[in-house]
Amino acid sequence: MTGRIFSIASNTFRETIRNKILYAIIAFAFFVIGMTFFLADLSVGDFARIIADIGLASIHVFGVIMAIFLGITLISNEVDRKTIYIILSKPVRRHEFIFGKAFGLSITLALTTLAMATVLFAIHMVYKLGGRPEPGIFVASIGIYMELILLTCLATFFSTFTTPVLSGIFTISLFVLGHLTGYFHSIAGQSKVAAVKWGGRALFYLLPNLEVFNWKNDVAYEQLPSASIFGLAVGYLFCYAACILAFSCFLFARKDFK
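Residues numbered from 1 in each chain as written. Predicted model: local features only at pLDDT ≥ 70, side-chain atom pairs only at ≥ 80, totals over all residues. Heavy atoms only, no water.

### Things to note about unusual backbone geometry
- Despite not being glycine, Lys-82 shows a phi value in the positive range, around 65 degrees.
- Relative to the assigned elements, Lys-82 resides in the loop between helix 4 (76-80) and helix 5 (83-89). (Helix = DSSP H or I, 4+ residues; strand = E, 2+ residues; numbered from the N terminus.)

### A look at a nonpolar patch on the surface
- Side chains of Ile-172, Val-176, Leu-177, Leu-180, Tyr-183, Ile-187, Val-193 and Val-196 sit close together on the surface and give an oily, nonpolar patch of about 670 Å² of accessible area.
- Element by element, the count of residues in the nonpolar patch is highest for helix 8 (residues 164-178), at three residues.
- Inspection of the secondary structure puts Ile-187 in helix 9 (residues 181-190).
- The exposure class of Ile-187 is partly exposed, given its relative accessible area of 46%. (Patch = residues over 30% accessible without salt bridge, like charges linked within 9 Å, V, L, I, M, F, W, Y side chains within 5 Å. Areas by Shrake-Rupley, 256 points an atom, 1.4 Å probe, with all protein chains shown as cover. Salt bridge = Lys/Arg side-chain N within 4 Å of Asp/Glu carboxyl O. Buried < 20%, exposed > 50% of the residue type's maximum accessible area, 1.4 Å probe, protein only.)

### Focus on the pattern of salt bridges
- The tally for this structure, following the rule as stated, stands at five salt bridges.
- Measuring nitrogen to oxygen at the nearest pair gives 2.8 Å for the salt bridge that ties Arg-4 to Glu-96. Pair noted here: Arg-4 is in helix 1 (residues 2-17) and Glu-96 is in helix 6 (residues 94-127), with a separation of 92 residues, a long-range link.
- Owing to a relative accessible area of 31%, Arg-4 belongs among the partly exposed residues under this scheme.
- Exposure remark for Glu-96: the relative accessible area of 0% places this residue in the buried category.
- A salt bridge links Glu-78 to Arg-81, with the nearest nitrogen and oxygen atoms 3.7 Å apart.
- Several salt bridges share partner residues, and in doing so they unite Glu-15, Glu-78, Arg-81 and Lys-101 into one network.

### Focus on the packing of helix 9 against helix 10 (residues 194-206)
- Running from N to C, helix 9 and helix 10 point in directions that differ by 155 degrees, and their axes come no closer than 8 Å. Taken as axis vectors, helix 9 and helix 10 run roughly antiparallel relative to one another. Seen from above, helix 9 lies across helix 10 with left-handed handedness. Residues Thr-181, Phe-184, His-185, Ile-187, Ala-188 and Gly-189 of helix 9 form the contact with helix 10, whose own contacting residues are Val-196, Lys-197, Gly-200, Arg-201, Leu-203 and Phe-204.
- Of the residues belonging to the contact of helix 9 with helix 10, the class tally is six nonpolar, four polar and two charged. (Axes fitted to C-alpha atoms, helices over the stretch in contact; angles between N-to-C directions. Parallel < 35°, antiparallel > 145°, perpendicular 65-115°, else oblique. Left-handed = near helix turned anticlockwise from the far one by under 90°. Contact = heavy atoms within 4.5 Å. Nonpolar A, V, L, I, M, F, W, Y, C, P; charged D, E, K, R; others polar.)

### Overview of helix 1
- End to end, helix 1 covers 22 Å across 16 residues, agreeing with the expected 22 Å (1.5 Å per residue, within 8%).
- Within helix 1 the residues assigned to the buried category are Ile-5, Ile-8, Ala-9, Thr-12 and Thr-16. End-on, the buried residues of helix 1 take up no more than an arc of 100 degrees, which puts them together on one face. (Expected span 1.5 Å × (residues − 1). Arc of directions from axis to C-beta.)

Any functional reading would require information beyond the geometric quantities listed.
So, in structure tokens, the structure goes:
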């Protein structure tokens, strides 16, 4: 089973890495990250912190664009090209196909995130003229990457039962709401209305809490997340992504391609 998953993941990686739109997004991301060097000169304050702050925000935004754009087409491309029939006619189970696709895209996102983080790290070092390096850029990028994995799982989930356009809308909506779950929890704690209290708590626990992976502000102020925070993020990603992929496998197994 593991061999078949890795085989699908390898094919998915090769397909996504050849996508011309992916390179266009990466090129624009490099351009925006490079512009942080000049934007810092036009700003007032700690220039190195501004570079890290804007650069990490750029990695986050362009990473989300890549994860959602590629994630919503993982299954639809195979269906449109009719290759899904060839794949499923082989000794490949449908859950292996889902896991392989998600894993393959995760590898692509790992490379693109690393590339963007390396460019930002180099710019940050050049601006500080050989001063103390900022490893926190890579730490924050790991948090961004974990969020991208979760978004990939969500995009895969929606693509199992709806169109790429709707999958994109749903995934973007959860991306926005995922960074607002703290507000839902706060409202639930302050409200005296039972419906609002329980509804806020339900949204807090059901929606993905993407703020768990948000370490950009800490790194901008040269503060690294503790080991406990990192462990919590890894555990949360594993549990939530496993549940989403399990639902994806369930829906994909019931999908009729005839």
